[in-house]
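Each chain is listed here by its residues.
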Amino acid sequence: MPLADWLFHELDQAAGPVQSTVTHEYSLQVETSSGPEVAKVFYLAHAPTQQALNDTQTGVRTVTDVTRLFAYLPLEAMVARGPAGKMAAAEWLIHEVDRPAGDVQAPAVHEYGVPMPGPRPGLPSNVMKVFFPAHAETQQTMNDMVTSIRTIADVTRLFSHATAGALMLCGPPETVAIGEWLFHELDQPPSEGLTTGTYSVPVRTPGRPDEVVRVFHLAHAGTRQDLTDLVTVIRTTTGIPRIFASIGPRAVALRGTLLATEQAEGLVKQKDQAGGQ
């Protein structure tokens, strides 16, 4: 079993620090519908804890669809097997998140230069990106950003890497574009005055030809309960189901028809007053 022997020798060694991610590869004589298979071992430089390895493992599985992936803590290593194309994407993603603190000048957006396979044959290719926020100082803020992007932009292959302080995502170009716009809108400090950002959705939804995404940065919503109450009022009054609040930037993101979002704007202006009037 040549592959088993190779893996045994790769993992049966003394642990030692590496300066940057190191990759060793084994080419298998196996052809799949997605191309030839390879096995790789990634020795990480900045994943000293099980949580860091778990974040990388889950993120890579979620975003690249490489399912045969295993974390090996004694060597701070990841072991993976899959089609060569997906494995190349996994390697790029691992390099992106296996960085020392402060290595990226945030906010930043990094994009994988090779189109990713679409969800089914015949569908357009996907794009893969990593977002590095500048103002997501807590995990709750990161979680809010992830939920907002997933809810509003329809990006389902999305993961928050807590150790690296990064968001990893993959999807159709039009949905990732909405997700990137939301990222920049939500990666902001709290606003001193009410402001609004608007994004016109390029792909038309049947029955909703004028759909837009809006983010309201509130001046007076001091608590999560304030935001939750406002979301409830907007959802009940306008019928907009795709709406989510983020406590870090004191923002409410939503997606709906032009008419419904204009109604929402009126409610926001009415409710976001000093003293909660």
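The present account deals with the structure reproduced in this document. For clarity, every value in this text was computed on a predicted model and none was experimentally measured. (Residues numbered from 1 in each chain as written. Predicted model: local features only at pLDDT ≥ 70, side-chain atom pairs only at ≥ 80, totals over all residues. Heavy atoms only, no water.)

1. A few points about the overall build of the chain
Helix and strand counts for the chain come out as seven helices and 12 strands. For the chain, the spread of C-alpha atoms along the principal axes amounts to about 70 × 40 × 25 Å. Buried positions account for 46% of the 277 residues belonging to the chain. Nonlocal contacts in the chain, meaning residues at least 24 apart in sequence, comprise 62% of its contacts between residues at least 6 apart. Roughly 13,300 Å² of accessible area belongs to the chain as shown, and the carbon and sulfur atoms make up 54% of that amount. (Helix = DSSP H or I, 4+ residues; strand = E, 2+ residues; numbered from the N terminus. Buried < 20%, exposed > 50% of the residue type's maximum accessible area, 1.4 Å probe, protein only. Contact = heavy atoms within 4.5 Å. Areas by Shrake-Rupley, 256 points an atom, 1.4 Å probe, with all protein chains shown as cover.)

2. Focus: the sheet that holds strand β5 (residues 108-111)
Pairing between sheet strands relies on hydrogen bonds along the backbone, with the strands arranged either parallel or antiparallel. One open sheet holds the four strands; their spatial order is β5-β6-β8-β7, and the pairing between them is antiparallel. Looking at which strands have only one partner, the edges of the open sheet turn out to be β5 and β7 (157-161). With direction set aside, neighbouring strand axes in the sheet form an average angle of 15°. Pairing analysis gives five bridges linking β7 to strand β8 (residues 166-171), with the strands arranged antiparallel. Each bridged residue has a counterpart across the sheet, and for His161 the counterpart in β8 is Ala166. Running over the sheet, helix α4 (residues 139-153) touches β6 (127-132), β7 and β8 and is turned about 170° from β7. Strand contacts of helix α5 (residues 173-186): β5, β6 and β8, with the helix running at about 5° to β6, the strand carrying the most contacts. (Pairing = 2+ DSSP bridges. Axes fitted to C-alpha atoms, helices over the stretch in contact; angles between N-to-C directions.)

3. A short note on the pattern of salt bridges
Side chains carrying opposite charge are able to pair once their charged atoms draw close together. Applying the stated criterion to the full structure yields 14 salt bridges. One salt bridge in this structure joins Arg99 and Asp103, with 2.7 Å as the shortest N-O distance. Overlapping salt bridges, with partners in common, bring together Asp154, Glu211, Arg242 and Arg255 in one network. (Salt bridge = Lys/Arg side-chain N within 4 Å of Asp/Glu carboxyl O.)

4. What to know about α4
Compared with the 21 Å implied by 1.5 Å per residue over 15 residues, the 21 Å span of α4 between its first and last C-alpha is a close match. Residues of α4 that are buried: Thr141, Met142, Asp144, Met145, Val146, Ser148, Ile149, Ile152 and Ala153. Downstream of α4 by a residue or two, Asp154 has a phi angle that is positive, lying close to 65°. (Expected span 1.5 Å × (residues − 1).)

5. Quick notes on the packing of aromatic side chains
One pass over the full model with this rule turns up four aromatic pairs. Plain terms: the ring middles of Phe131 and Phe183 are 4.7 Å apart, the flat faces sit at 20° to each other, and that makes the pair stacked. Linking Phe131 in strand β6 with Phe183 in helix α5, this pair joins segments that are 52 residues apart in sequence. A relative accessible area of 0% means that Phe131 is categorised as buried. Under the relative-accessibility criterion, Phe183 is labelled buried at 0%. (Phe/Tyr/Trp six-rings, centres within 6.5 Å; stacked < 30°, edge-to-face > 60°.)

6. Brief notes about the environment of Glu10
Along the chain, Glu10 falls in helix α1 (residues 2-11). With near-sequence residues (within four places) excluded, Glu10 lies in contact with His24, Val41, Tyr43 and Leu75. Among the polar contacts listed, one links the side chain of Glu10 to the side chain of His24, at a separation of 2.9 Å. (Polar contact = N/O pair within 3.5 Å; in protein donor to acceptor, adjacent residues only side chain to side chain.)

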